[in-house]
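Residue strings, one per chain:
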Amino acid sequence: MAHFEADRRETRTAAEQSASPIVDSMTYEMATDLRALRTFVHAEALARGLSPQRVELLTLAVSELATNTLQHTSGGGRVRLWAEDGHLFCDVVDKGPVRAFGRGMPAPDAVRGRGLAIVEQVCDEVAVLSDPDGTVVRIRLGI
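Residues numbered from 1 in each chain as written. Predicted model: local features only at pLDDT ≥ 70, side-chain atom pairs only at ≥ 80, totals over all residues. Heavy atoms only, no water.

Going through the model one piece at a time under the given rule, you end up with 1 aromatic pair. Where W82 meets F89, the ring centres are 5.4 Å apart and the plane angle is 15°; that geometry is what we call stacked. With respect to burial, W82 and F89 carry one shared label: buried. (Phe/Tyr/Trp six-rings, centres within 6.5 Å; stacked < 30°, edge-to-face > 60°. Buried < 20%, exposed > 50% of the residue type's maximum accessible area, 1.4 Å probe, protein only.)

If you want it as C-alpha cells, here you go:
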C-alpha cells in the first residue's frame, strides 16, 4: 500500500529551513499504488511551481520509472521530490540494479524498452546514483 510522508524537521532554525529544501516522499509496493503515486507527484510538483505542462512530463517519467521498479525488482520503491535553485528534483529509489540510460528509443516494432528512453526525452537531466537506500534515478526539470 502506498505511503506518503514529508521529511520535515520542525526543530530547524529559520535560516536552516530556507537553506534546506523540504523533501516529500511516498512509497509504493504494488501496481495499484501507481495511481496514488501519480497524484502525489502531480500535486507536489504543481505546489513547487512547475508549469502544468512540465508537471505532466514529470508525472509520466516517474510513472515509467515506478512501473519498471514493480516489473523488475522486489520490495517496491520510494519517490522523493523537492525544489531547489529553480529546479524540481525527483528521486525514484528501489533495490534494483543500476539502469543503463543513453540507449535511445527502441525500433518501432519493439514490444518493450521505451520507458527509460521516454524518461530521458522528457526530463532536463537524468542521473543514476547508488546510495544506502538502493539505486536512485534522479530526474531534474527546470521550474
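Back to the text.
Ranked by size, the top nonpolar core spans 26 residues in total, and within it L37, V41, L58, V62, V79 and I139 carry the most contacts. Mapped onto this core, the elements with two or more residues apiece are strand 2 (23-28), helix 2 (34-47), helix 3 (52-72), strand 3 (77-84), strand 4 (87-94), helix 4 (115-122) and strand 6 (134-142). Top contributing element to this core by residue count: helix 3, with 6 residues. Non-local contacts of V62, meaning those with residues more than four positions away in its chain, are made with L37, V41, V79, C90, V92 and I139. (Core = buried A, V, L, I, M, F, W, Y, C linked by side-chain atoms within 4.5 Å. Helix = DSSP H or I, 4+ residues; strand = E, 2+ residues; numbered from the N terminus. Contact = heavy atoms within 4.5 Å.)

Here we come to the pairing of strand 2. In terms of burial, strand 2 is largely enclosed, as 6 of its 6 residues are buried. Side chains V23, S25 and T27 of strand 2 all project onto a buried face; the interleaved residues D24, M26 and Y28 project onto the opposite face, where all are buried too. Note: strand 2 against strand 3, 5 bridges, orientation antiparallel. The residue bridging Y28 from the neighbouring strand is G77, located in strand 3. (Pairing = 2+ DSSP bridges.)

Direction vectors running N to C along helix 2 and helix 3 enclose 145°, while the axes themselves pass 9 Å from each other. When the axes of helix 2 and helix 3 are compared, the crossing they make is right-handed. Contact residues: helix 2 offers L34, L37, R38, V41, H42, A45 and L46, while helix 3 offers P52, V55, E56, L58, T59, V62, S63, A66, T67 and L70. Looking at the contact of helix 2 with helix 3 residue by residue, the classes come out as 11 nonpolar, 4 polar and 2 charged. (Axes fitted to C-alpha atoms, helices over the stretch in contact; angles between N-to-C directions. Left-handed = near helix turned anticlockwise from the far one by under 90°. Nonpolar A, V, L, I, M, F, W, Y, C, P; charged D, E, K, R; others polar.)

Take the confidence of the model for the protein chain next. On average, residues of the protein chain score 86 in pLDDT, and 87% of them are at 70 or above. Between residues 6-14, whose pLDDT stays under 50, and residues either more than four places distant or in other chains, the model counts 11 contacts. (pLDDT = per-residue confidence, 0-100.)

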